[in-house]
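Architecture at a glance
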Amino acid sequence: MVKFIFIVSLCFMAGISFGQTAPTLNTEAEVWSWLSGHTFKASIEGDFDMFFSIETLDQKPVLVLSNVNGKRKLFSSLAIEGEGTSRMLIGFGEENNALEVGITPEGYLTTAGMVFRPVE
């Protein structure tokens, strides 16, 4: 019985220590804080890593999509739409390109079938 309790408590503590905790993304301010404080990375099998980050250019937030080769695509006029667990980050790029990025409750970004996880 003592071994059972020990093993159960060890598994429970390991889950707490190593499990990722979901960020609090209830308000738009919390979403902006989360996005601005992290870089997000997606690995494309057989290809290269891609990153999302929020940078400030001309005192305005800009969504930057970049890769390990240094290529960057900038999206400005950022807006967060939706509420609760169905939030979207929308930005506009060059030549009237738009990018819609889903924000999951776990704090991941999703677009075009790719999942970007926070790395910082």
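This one's a predicted model, so the numbers in the text were calculated from it and none came from an experiment.

What to know about the environment of L74
Positionally, L74 belongs in strand β4 (residues 72–81). Residue classification places L74 among the partly exposed residues on the basis of a relative accessible area of 34%. For the pair L74 and E94, spaced 20 residues apart in sequence, the C-alpha separation works out to 7.7 Å. Leaving out residues up to four positions away in the same chain, L74 has contacts with L57, V62, L63, V64, F92, G93 and E94.

Section: the pairing of strand β6 (residues 98–103)
Of the pairings in the sheet, the one linking strand β5 (residues 87–92) to β6 comprises 6 bridges and is antiparallel in character. Across the sheet, I90 pairs through a bridge with E100, a residue of β6. Between the end of β5 and the start of β6, which pair antiparallel, lie 5 residues, with E95 showing a positive phi angle near 55°. With 2 bridges connecting them, β6 and strand β7 (residues 109–111) associate as antiparallel partners. Its bridge partner lying in β7, I103 is registered against L109. As consecutive antiparallel partners, β6 and β7 are separated by 5 residues, and within that stretch G107 has a phi angle of approximately 90°, a positive value.

A word on the pattern of salt bridges
Opposite charge on two side chains lets them pair, provided their charged atoms get close. Applying the stated criterion to the full structure yields 2 salt bridges. A salt bridge links D49 to K41; the shortest N-O distance between them is 3.4 Å. By relative accessible area, D49 is classed as partly exposed at 21%. Salt-bridge contacts for E55 lead to R72; the nearest nitrogen and oxygen are separated by 3.0 Å. Residue E55 is found in strand β2 (residues 49–57), and its partner R72 is found in strand β4; the two are separated by 17 residues along the sequence. The partly exposed category is assigned to E55, whose relative accessible area is 26%.

What counts, and at which threshold
- Residues numbered from 1 in each chain as written.
- Predicted model: local features only at pLDDT ≥ 70, side-chain atom pairs only at ≥ 80, totals over all residues.
- Heavy atoms only, no water.
- Helix = DSSP H or I, 4+ residues; strand = E, 2+ residues; numbered from the N terminus.
- Buried < 20%, exposed > 50% of the residue type's maximum accessible area, 1.4 Å probe, protein only.
- Contact = heavy atoms within 4.5 Å.
- Pairing = 2+ DSSP bridges.
- Salt bridge = Lys/Arg side-chain N within 4 Å of Asp/Glu carboxyl O.

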